[in-house]
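# Residue-level structural notes
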Amino acid sequence: MRCIARFSSLTALALLPLLTSPLLAESPKPNTSGELLFEDSFERDEPTADKEDIGPGWRSNSPWRAAGEKQVDLDNGAMHITRHPKADHGVAIFHDVAFQDGVVQLRFKLRPGDDLGIDFVDREVKTIHAGHLCLARVTTKGITLTDSKTGHMRLDIRERRRAGEKSPELTELINSKRKTFPQQIEPETWQTLRIEVEGDVMRAFLNGEFVGQFQSEGIGHPTKRMITLAINKSAWVDDVKVWKLK
């Protein structure tokens, strides 16, 4: 009997690390609280077919980056974004928001080689380029969460990169400010992406399933004043919803 009891105790101790392992911890669930700030299903057409007119609250960088050429098309109840050959920058589509913590959810569709970014911005911060705070970027190969504020968009770091610096120290610093979660995302198929920013943590969910999270101080910036949808080549976007958590 003593041997059995001793074996049971040893077995329990041996299993304890497995039972407390992060691998067995329950994945975070989407935060369904909060105030819905706006939603858009893009069920409309432009008043003039060849003129970019996304709709209330939206604007893009087409006037100054693409010589005014149309890059965002409302097509069959969705946004179809395509970078114009004249453009000297990726397409950026802006919408004002006002929160510290919040959620952006949308449906998207990408081709191989395409990408879509959800960028949280505060243009009033002058120590970072263009107010870029933090970014979630999705491709058909995965999702990357980035702290831009204390990483590659911090002005001193950006200037070092623009000057051509490739030191191990700088590379290590920039890489420490982002985390990539590999995923096999079916091309040209509608997917649902949900990005939550809460405190200094950013979480990503794909089709309702938790993908991963990244914690970094820049994510905790107290004022997110704008979201930007950033597209380097092309993407489809639909059913955008934004909630304020705090």
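Preceding this paragraph is the structure being described.
Description of the structure in this document. (Residues numbered from 1 in each chain as written. Predicted model: local features only at pLDDT ≥ 70, side-chain atom pairs only at ≥ 80, totals over all residues. Heavy atoms only, no water.)

Turning next to the sheet that holds strand S14 (residues 224-231). Ordered by their spatial adjacency, seven strands build an open sheet running S2-S5-S14-S7-S8-S9-S10, and the pairing between neighbours is antiparallel. With partners counted over all chains shown, the strands left at the sheet margins are strand S2 (58-60) and strand S10 (178-182), one partner each. Direction aside, the axes of adjacent strands within the sheet are offset by 20 degrees on average. Here strand S7 (residues 115-121) runs beside strand S8 (residues 132-139); their pairing, made up of seven bridges, is antiparallel. Its bridge partner being in S8, Asp 119 is matched across the sheet by Leu 135. (Pairing = 2+ DSSP bridges. Helix = DSSP H or I, 4+ residues; strand = E, 2+ residues; numbered from the N terminus. Axes fitted to C-alpha atoms, helices over the stretch in contact; angles between N-to-C directions.)

Moving on to the pairing of strand S4 (residues 79-82). Of the two faces of S4, the one holding Met 79 and Ile 81 is buried and the one holding His 80 and Thr 82 is not buried anywhere. Two strands pair when backbone bridges link them, and strand S3 (residues 72-74) and S4 are joined in this way by three bridges, in the antiparallel orientation. Residue pairing for S4: Leu 74 is matched across the bridge by Met 79. If you look at the hairpin formed by S3 and S4, you'll find four residues sitting between the two strands, and Asn 76 has a positive phi there, around 55 degrees. Where S4 and strand S15 (residues 234-244) come together, four bridges link them in antiparallel fashion. Bridging from a neighbouring strand, Met 79 pairs with Val 237 of S15. (Buried < 20%, exposed > 50% of the residue type's maximum accessible area, 1.4 Å probe, protein only.)

Here we take up the environment of Val 121. Turning to its location among the elements, Val 121 is positioned in strand S7. Separated by 106 residues in sequence, Val 121 and Ile 227 place their C-alpha atoms 6.0 Å apart. Residues contacting Val 121, with those up to four places away along its chain left out, are Ala 130, Gly 131, His 132, Leu 133, Lys 224, Arg 225, Met 226 and Thr 228. (Contact = heavy atoms within 4.5 Å.)

Moving on, we come to the pairing of strand S13 (residues 209-215). Sheet analysis places strand S12 (residues 201-206) next to S13, joined by six bridges and oriented antiparallel. Within the sheet, the bridge partner assigned to Ala 204 lies in S13 and is Gly 212. Here S12 folds back onto S13, and the loop between the two strands holds two residues, one of which, Asn 207, carries a positive phi near 50 degrees.

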